[in-house]
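These are the residues of each chain, in order.
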Amino acid sequence: MSVVTDVEQSIRNLRREVAVLHAELPRYGLVVWTAGNVSARVPGHELLVIKPSGVSYDDLTPENMVVCDLEGRVVEGDHAPSSDTEAQAYVYRHLPEVGGVVHTHSPYAVAWAARGEPIPCVTTMCADEFGGEIPVGPFAIIGDDSIGRGIVETLRGSRSPAVLMQNHGVFTVGPTAKSAVKAAVMCEDVARSVHLSRQLGQPIPIEQSSVDALYDRYQNVYGQR
Ligand SMILES: O=C(CO)[C@@H](O)[C@@H](O)COP(=O)(O)O
């Protein structure tokens, strides 16, 4: 009988989880074609599981997910890993609390990113999930860890699990890949609501004390505990 080690079982589970979570990105209108990606850290190991680059969302399976080390080198997999692997590996190396990273090109959030404008905290849902404005990170060319550096330097100074990388798109982080997907979904909803509000007037900022109270309730009380 073959003994499946813990890490092998963990990778098997994460392959399935990451493959299934990818379907949420087109489902919520956060990506088109093959844009965007999801990754998860392998707990207790210097490894991550990420999408194969340029593969249609319809063709993503647990088997074609790619396992990489935290330098972005392929450890297990028959496909080239996502173009954002080095960036996401950088995030995992420098933010140990992060268990999942998501990247999208969701249209309303990208419109804010194209202006290099943070999304102000003018809705209770923004306060709940992001604890303040959704910040903008620097313009960075894809392909090495410069996007990762921009994500880390921006998120280190913010409660937000989302960052709008200037002229590019959304990167979100969370303790799990699912929580990072949730942040990406809510980031686009907030970007759209505030965009629409700005068409007909100036949205009203929420007092910081109320933002703090809303964030604390949502993060620590809301839902089934
Ligand atoms: O962000 C970009 C292009 O701007 C891509 O890296 C990304 O959306 C999708 O790339 P992958 O298919 O994950 O390699």
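Chains are numbered independently. Their residues run from 1 in the order of the written sequence. Only residues with pLDDT of at least 70 get local features here, since the model is predicted, and only at 80 or more are side-chain atom pairs given and counted; chain-wide, interface and lining totals rely on the full set of residues. Where side-chain values are given, they derive from all heavy atoms of the structure, hydrogens and water being excluded.

Naming follows an unreviewed UniProt entry, where the chain appears as L-ribulose-5-phosphate 4-epimerase of Nocardioides vastitatis. UniProt positions are given in the numbering used here, feature names are shortened, and annotations may be inferred rather than shown by experiment. Looking at the Catalytic activity (unreviewed entry) heading of the UniProt record, one finds this comment for the chain: "L-ribulose 5-phosphate = D-xylulose 5-phosphate".

## Some points on the layout of surface pockets
The pocket and cavity definitions rest on a 1 Å grid over protein atoms only: a 1.4 Å probe that fits but cannot leave marks a cavity, an open set with protein on both sides within 12 Å along at least five of seven lines marks a pocket, and residues lining either have an atom within 4 Å of a point. Grid points are joined across faces, edges and corners, and a volume is the space filled by probe spheres set on the points. Quantified by volume, the largest pocket comes out at close to 430 Å³. Looking at the largest pocket, it is lined by 21 residues, and the ones nearest its centre are Pro 161, Val 173, Gly 174, Pro 175 and Gln 219. Contributions of two or more residues to the lining of the largest pocket are made by strand 8 (169-174), helix 7 (177-199) and helix 8 (208-220). The secondary structure listing takes helices from DSSP runs of H or I that are at least 4 residues long and strands from runs of E that are at least 2 residues long, numbered from the N terminus.

## Re the UniProt feature "domain: Class II aldolase/adducin N-terminal" (unreviewed entry) in the chain
Within the UniProt annotation, "domain: Class II aldolase/adducin N-terminal" (unreviewed entry) is assigned to residues 16-195. The span residues 16-195 is 37% helical and 18% strand by assignment, and the distance between its end C-alpha atoms comes to 35 Å.

## Some words on the environment of Arg 115
With respect to the element layout, Arg 115 can be found in helix 4 (residues 107-115). Within 3.5 Å is the distance limit for a polar contact, defined as a pair of N or O atoms, with the added protein rule that one can donate a hydrogen and the other accept it, and that residues adjacent in sequence qualify only through two side-chain atoms. Here the side chain of Arg 115 touches Glu 117 through a polar contact of 2.8 Å, side chain to side chain.

## Focus: helix 8
An ideal rise of 1.5 Å per residue puts 18 Å on 13 residues; helix 8 measures up with 18 Å between its terminal C-alpha atoms. By the burial criterion, the buried members of helix 8 are Val 211, Tyr 215 and Tyr 218. Along the axis of helix 8, the buried residues cluster in a sector spanning 75°; they form a single face. Note on definitions: a residue-residue contact is assigned when non-hydrogen atoms from the two residues lie within 4.5 Å. Considering only its buried residues, helix 8 is in contact with helix 5 (124-130) and helix 7. Multiplying one less than the number of residues by 1.5 Å gives the expected span of a helix. Buried, partly exposed and exposed residues are distinguished by accessible area as a fraction of the type maximum, computed with a 1.4 Å probe on protein chains only: under 20%, between the cut-offs, and over 50%, respectively. Taking the helix axis as origin, the arc is that swept by the directions to the C-beta atoms.

## Re unusual backbone geometry
The residue Trp 33 is not glycine, and still its phi comes out positive at about 55°. Along the chain, Trp 33 turns up in the loop between helix 2 (24-27) and strand 1 (37-41). In the Ramachandran plot, Asn 167 falls in the positive-phi region, its phi being about 65° despite a non-glycine side chain. The residue Asn 167 is located in the loop between strand 7 (162-165) and strand 8 in this model.

## Observations regarding a nonpolar patch on the surface
Side chains of Phe 139, Ile 141 and Ile 142 sit close together on the surface and give an oily, nonpolar patch of about 320 Å² of accessible area. For Ile 142, a relative accessible area of 45% puts it in the partly exposed group. Within this analysis, patches are made of residues with over 30% relative accessible area and no salt bridge. Like charges are joined at 9 Å or less; nonpolar side chains (Val, Leu, Ile, Met, Phe, Trp, Tyr) at 5 Å or less. All accessible-area figures derive from a Shrake-Rupley calculation using a 1.4 Å probe, and residue coverage is judged against the displayed protein chains alone. By salt bridge we mean one thing: a side-chain nitrogen of Lys or Arg within 4 Å of a carboxyl oxygen of Asp or Glu.

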